[in-house]
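# Topology and contacts: notes
Spelled out, the chains give:
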Amino acid sequence: MPDKAAQKQRGSRPSIRDVARRAGVSPGCVSNVINGRRKLDDPIGRAVLQAVRDLGYRRNTMASNLRRSQSRIIGLVIPDFENPFFAELVAKLEHRAEATNYRIVATSSREDADIEAREIDELVGWRVAGVFVIPSLYSRAAELVQANETPFVFLDRIQQNAATDGVGVDNAAASAALMQKLFDAGHRRIVVAYLGDGIANVAERLDGVRAAVDSHAQDVTVDYVPTGDSIEGARTALAAYLDRNPAPDAVFCLFNTATLAAYGLLQERGHVIGTDTALAGFDDSAWMAHVHPPVAAIVQPTEEIARVAWERLLARIEGGNASPETIRINCRLEARQSLGLLQR
């Protein structure tokens, strides 16, 4: 019996899952094709369109919009509430929500991909209007968002293979610019402390560091020290490095807990920050400007990130079907005394 006749006999309209089964793809792929987020002329796009024609599928836009309009809740999944950058971003998004009569429900993945998947599933199950996600270490969020029609926007740790909007900063350009500042100040032995593999934005920062090193004409020694995500882990890793190697001219930390660990460790070992050893960190925290000497920092524009991300998610909630876009915002460098510019 033809599919249309079968649907009519059952007295039900074909669903997006019926189309997905017919086309041999996921419901998320069907949604991306229907909403214009995927090309129509590739094999998946053609298979979906053929299944739509075979089944006589019609998107129930009115019902979809009604479901979303009934919810004024926006979900937010972040890796860690204790991280100052994430906490500040949550606060900025809450201000945006309040101004537009929405509420934020925030939850933490605790840098665990399984917990993250569970939290995303729970939020979608509550029929929230949309979801912001800062992906966890080894996140599978890019796969999860394709399995439903809820609007998503990724923040900070942008997933390049995700069929959804992403808003972050120019990690590579910012790191390259700071490395160049260190080179210009005369630093030739530099330690770069990074979180480890598996996080997109840290990988981008490493790419920027390496690009600056590769393009530098003079001889420099740059050592890369993976530290883990805790202050204790960063202290242990950096201490082990200092025990085995000559003292560096500069330490550049690609995330804020490593900056705090490096500051304390260098002080304890008698390094005069800004004179003996330059110290810089990616992500600015309040303490960095209030210690002496203050720590140089790459400042992420949280207000601008929140504004752009909020506008993107609301546009999706209101039915916008433009192709997914990755938006990168420029950072600012606070080249404070600890960068060593005055002493070199």
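The model shown is predicted, which means the values in this text are computed figures rather than measured ones. (Residues numbered from 1 in each chain as written. Predicted model: local features only at pLDDT ≥ 70, side-chain atom pairs only at ≥ 80, totals over all residues. Heavy atoms only, no water.)

Moving on: the sheet that holds strand S1 (residues 73–78). The strand order across the open sheet formed by 6 strands is S2-S1-S3-S4-S5-S11, and the pairing between neighbours is parallel. Only two strands of the sheet have a single partner each, and these edge strands are strand S2 (103–108) and strand S11 (326–329). Put simply, the sheet's adjacent strands are angled 20° from each other on average, direction ignored. Pairing of strand S4 (residues 152–155) with strand S5 (residues 165–169), which is carried by 3 bridges, proceeds in the parallel orientation. When the bridges of S5 are listed, Phe154 appears paired with Gly166. On the sheet, helix H7 (residues 113–125) packs against S1, S2, strand S3 (130–133) and S4 and is oriented at approximately 180° with respect to S1. (Pairing = 2+ DSSP bridges. Helix = DSSP H or I, 4+ residues; strand = E, 2+ residues; numbered from the N terminus. Axes fitted to C-alpha atoms, helices over the stretch in contact; angles between N-to-C directions. Contact = heavy atoms within 4.5 Å.)

Attention shifts here to the packing of aromatic side chains. The tally for this structure, following the rule as stated, stands at 4 aromatic pairs. Note on Tyr102 and Trp310: the rings are 5.9 Å apart at their centroids and 80° apart in plane angle, and the pair reads as edge-to-face. Taken together, the residues Tyr102 in the loop between helix H6 (84–99) and S2 and Trp310 in helix H14 (residues 302–317) connect sequence positions 208 residues apart. Note on accessibility: Tyr102 and Trp310 belong to one class, buried. Taking the centre distance of 5.6 Å and the plane angle of 70° together, the rings of Tyr263 and Trp287 count as edge-to-face. Here Trp287 lies in helix H13 (residues 286–290) and Tyr263 lies in helix H12 (residues 256–268), a separation of 24 residues in the sequence. Ring pairing ties together the aromatic residues Tyr102, Phe132 and Trp310, which thus form one cluster. Directly above the aromatic system of Tyr102 lies the positively charged group of Arg72, at a separation of 3.8 Å from the ring centroid. (Phe/Tyr/Trp six-rings, centres within 6.5 Å; stacked < 30°, edge-to-face > 60°. Buried < 20%, exposed > 50% of the residue type's maximum accessible area, 1.4 Å probe, protein only. Lys NZ or Arg CZ within 6 Å of the ring centre and 35° of its normal.)

This part covers helix H9 (residues 171–184). In a regular helix each residue adds 1.5 Å, so 14 residues correspond to 20 Å; H9 covers 20 Å between its end C-alpha atoms and thus fits that length. The set of residues buried in H9 consists of Asn171, Ala174, Ser175, Leu178, Met179, Leu182 and Phe183. Just downstream of H9 lies Gly186, where phi reads positive at about 100°. (Expected span 1.5 Å × (residues − 1).)

Looking at the protein chain as a whole, the pLDDT averages 85, with 88% of positions reaching at least 70. Per-residue pLDDT stays below 50 along residues 4–11; that stretch engages in 10 contacts with residues further than four places along the chain or on separate chains. Note that residues 65–69 has pLDDT below 50 and, in this model, 6 contacts with residues that lie over four places away or in other chains. (pLDDT = per-residue confidence, 0-100.)

On the basis of which strands lie adjacent, the open sheet formed by 6 strands has the order S7-S6-S8-S9-S10-S12 and mixed pairing. Across the chains shown, the open sheet's two edge strands, defined by having one partner strand only, are strand S7 (221–226) and strand S12 (332–334). Across the sheet, the axes of successive neighbouring strands diverge by a mean angle of 15°, strand direction being ignored. Here 3 bridges tie strand S9 (residues 278–282) to strand S10 (residues 296–299), and the two strands are oriented parallel to one another. The partner of Ala280 across the bridge, within S10, is Ala296.

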